[in-house]
Amino acid sequence: GPMSKPEYSVTAYVANGRFEDSILGVLLTDIAVQANSASSGESSLVMRAEDGVGGYVALEGALSSPKGEGTDAPPAPRLTARGHINHLQPLHRDDIFLRLSGRLSVDGPLTGLNVGADVEVERGELSIANLRSGGRTLDITDPAAAEQEASSGPKLDVKVSSPHKF
């Protein structure tokens, strides 16, 4: 395009990525992400991660350019994506086994994403004999008090069902 209004097209990708948290026993392999953006406003985002045993999580959507809304602060780009979880076994541990399937969604500005999921525990197993020593604590707070605190992370709305024996 002309210098006064240049046109561009950008593609970025990650291939053969890996996420591992050895303390929690989480492992995701073959992580692939592809993002495309053009000056025309078209954009796309495709992500997939596997568990190494046939399950995966996949997400597809778009990243929109920020639009000014009359404020001094520049607006953040907005992500809208939908995806699914298919027989995912993210934990690689001796004491617990989980196989998950379901739907997920991500929507909102990158500075305050809304993450939603409807997850089914297809199979869950806890082996007391193999439980790791040590422990973790989870602070539980009153939801009303939690709403008053400002959060910089994503807002989660996750429904988990376990229709089978755990």
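None of these values were measured; they are calculated from a predicted model.

Q: For this particular structure, what's the right way to read the pairing of strand β2 (residues 26–38)?
A: The side chains of a regular strand alternate, first on one face of the sheet and then on the other. Two elements, strand β1 (residues 9–21) and β2, share 10 bridges in a ladder whose sense is antiparallel. Paired with Thr11 across the strands is Asn36, a residue of β2. Once β1 ends, the chain turns through four residues before running back antiparallel as β2, passing Gly25 with a positive phi of about 80°. A loop of four residues connects β2 with strand β3 (residues 43–50), the two strands running antiparallel in sequence, and Gly41 in this loop sits at a positive phi of about 100°.

Q: So what exactly am I meant to see when it comes to the sheet that holds β3 here?
A: Strand pairing in a sheet relies on backbone hydrogen bonds. The paired strands run either parallel or antiparallel. Taken together, the eight strands give an open sheet; going across it, the order is β1-β2-β3-β4-β5-β6-β7-β8, and neighbouring strands pair in mixed fashion. Edge strands, defined here as strands with exactly one partner in the open sheet, are β1 and β8 (155–161). Strand-to-strand twist across the sheet, computed as the mean angle between neighbouring axes with direction ignored, equals 15°. Where strand β4 (residues 56–64) and strand β5 (residues 78–88) come together, nine bridges link them in antiparallel fashion. When the bridges of β5 are listed, Tyr56 appears paired with Asn86.

Q: Would you mind showing me how to read the side chain of Glu122 here?
A: Tracing the chain through its elements places Glu122 in strand β7 (residues 114–126). A relative accessible area of 18% places Glu122 in the buried class. Separated by 2.8 Å, the side chains of Glu122 and His87 make a polar contact. Polar side-chain contacts of Glu122 include one of 2.6 Å to the side chain of Ser101. Setting aside its immediate chain neighbours within four residues, Glu122 contacts His87, Arg99, Ser101 and His164.

Q: When you look at the nonpolar core in this model, what are you seeing that I'm missing?
A: Nonpolar side chains in soluble globular proteins tend to end up buried together. If you look at the biggest cluster of nonpolar residues, it comprises 20 residues, and the most contacted ones within it are Val57, Ile85, Leu100 and Leu104. Sequence-distant contacts of Val57, that is, excluding residues within four places in its chain, are made with Met47, Arg48, Ala49, His84, Ile85, Leu88 and Leu104.

Q: Can you walk me through the pairing of β4 in this structure?
A: Note that β3 and β4 share six bridges and pair antiparallel. Residue Ala49 lies in a different strand from β4, and its bridge partner there is Val57. Adjacent in sequence and paired antiparallel, β3 and β4 are bridged by five residues, among which Gly52 carries a positive phi angle near 85°.

Q: Would you mind going over the packing of aromatic side chains with me for this structure?
A: For any pair of aromatic rings, geometry is given as the distance between the ring centres together with the angle between the planes. What the rule picks out here adds up to zero aromatic pairs. The ring of Tyr56 is capped by Arg48, whose NZ or CZ atom sits 3.8 Å from the centre of that ring. When the ring centre of Phe97 is taken as reference, the NZ or CZ atom of Arg123 above it lies at 4.4 Å.

Rules used throughout
Residues numbered from 1 in each chain as written. Predicted model: local features only at pLDDT ≥ 70, side-chain atom pairs only at ≥ 80, totals over all residues. Heavy atoms only, no water. Pairing = 2+ DSSP bridges. Helix = DSSP H or I, 4+ residues; strand = E, 2+ residues; numbered from the N terminus. Axes fitted to C-alpha atoms, helices over the stretch in contact; angles between N-to-C directions. Buried < 20%, exposed > 50% of the residue type's maximum accessible area, 1.4 Å probe, protein only. Polar contact = N/O pair within 3.5 Å; in protein donor to acceptor, adjacent residues only side chain to side chain. Contact = heavy atoms within 4.5 Å. Core = buried A, V, L, I, M, F, W, Y, C linked by side-chain atoms within 4.5 Å. Phe/Tyr/Trp six-rings, centres within 6.5 Å; stacked < 30°, edge-to-face > 60°. Lys NZ or Arg CZ within 6 Å of the ring centre and 35° of its normal.

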